[in-house]
Amino acid sequence: MITQTELSSRAALCRQLAQREPNSKVYWLAEAEHWLRLLRQPIHLERTGREDDPLEQFLVRIEKRSGP
């Protein structure tokens with residue numbers, strides 16, 4: 001899973017590359033915008049119910065700890 005910090009870092013790197021590579025500036029600025037859009041989107045974690053899903057495994061452990 002990509003964190004918001006990593007998304008922001010990727011966008012910053014693309015902006016730096018746009019400055020360093022003028023011939024590819026449009027590409028790098030578009031790529032930076034892509035990462036920024038992902039950064040602005042809310043993250044929705046949905047339960048899958050699958051035993052091999054790491055999120056499910058984590059949630060089951062949390063439920064066991066907080067249970068009676």
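Everything below is about the structure shown above.
Residues numbered from 1 in each chain as written. Predicted model: local features only at pLDDT ≥ 70, side-chain atom pairs only at ≥ 80, totals over all residues. Heavy atoms only, no water.

Draft legend 1. Up close: the overall build of the chain. Per the secondary structure count, the chain includes 3 helices and 0 strands. Starting at the N terminus and walking to the C terminus, you meet the elements of the chain as α-α-α. Scored against the burial criterion, the 68 residues of the chain give a buried share of 13%. By sequence separation, contacts in the chain at least 24 residues apart represent 30% of the contacts at least 6 residues apart. Approximately 6,000 Å² of the chain is accessible, and the part contributed by carbon and sulfur atoms is 53%. (Helix = DSSP H or I, 4+ residues; strand = E, 2+ residues; numbered from the N terminus. Buried < 20%, exposed > 50% of the residue type's maximum accessible area, 1.4 Å probe, protein only. Contact = heavy atoms within 4.5 Å. Areas by Shrake-Rupley, 256 points an atom, 1.4 Å probe, with all protein chains shown as cover.)

Draft legend 2. Highlighting the nonpolar core. Listed in full, the 7 residues of the largest apolar core are Leu7, Ala11, Cys14, Ala18, Trp28, Ala32 and Trp35. Mapped onto this core, the elements with two or more residues apiece are α1 (4–20) and α2 (25–40). Excluding anything up to four places from it in sequence, Trp28 contacts Cys14, Leu17, Ala18 and Glu21. (Core = buried A, V, L, I, M, F, W, Y, C linked by side-chain atoms within 4.5 Å.)

Draft legend 3. Up close: the pattern of salt bridges. Per the stated rule, a full pass over the model turns up 3 salt bridges. Put simply, Arg10 and Glu6 hold a salt bridge, and the shortest N to O gap is 2.7 Å. Remark: Glu6 and Arg10 occur in helix α1; sequence separation between them is 4 residues, near one turn of the helix. For Arg10, a relative accessible area of 29% gives the class partly exposed. (Salt bridge = Lys/Arg side-chain N within 4 Å of Asp/Glu carboxyl O.)

Draft legend 4. Seen up close, α2. The terminal C-alpha atoms of α2, which comprises 16 residues, lie 23 Å apart, in line with the 22 Å expected from a rise of 1.5 Å per residue. Within the sequence span of α2, burial applies to Trp28, Ala32 and Trp35. Seen end-on, α2 carries its buried residues on one side only, within an arc spanning 60 degrees. Structural note: α2 exposes Val26, Arg37 and Arg40 on the side pointing more than 90 degrees away from its buried face. (Expected span 1.5 Å × (residues − 1). Arc of directions from axis to C-beta.)

Draft legend 5. Region of the structure containing the packing of aromatic side chains. Inspection of every chain in the model, using the stated rule, returns 1 aromatic pair. Pairing Tyr27 with Trp28 gives two aromatic rings, centres 4.8 Å apart and planes at 70 degrees, and the pair type is edge-to-face. What makes Tyr27 partly exposed here is its relative accessible area of 47%. Judged by relative accessible area, Trp28 falls into the buried class, the value being 18%. Looking at Arg10, its charged tip hangs above the ring of Trp35, at a distance of 4.7 Å from the centre. (Phe/Tyr/Trp six-rings, centres within 6.5 Å; stacked < 30°, edge-to-face > 60°. Lys NZ or Arg CZ within 6 Å of the ring centre and 35° of its normal.)

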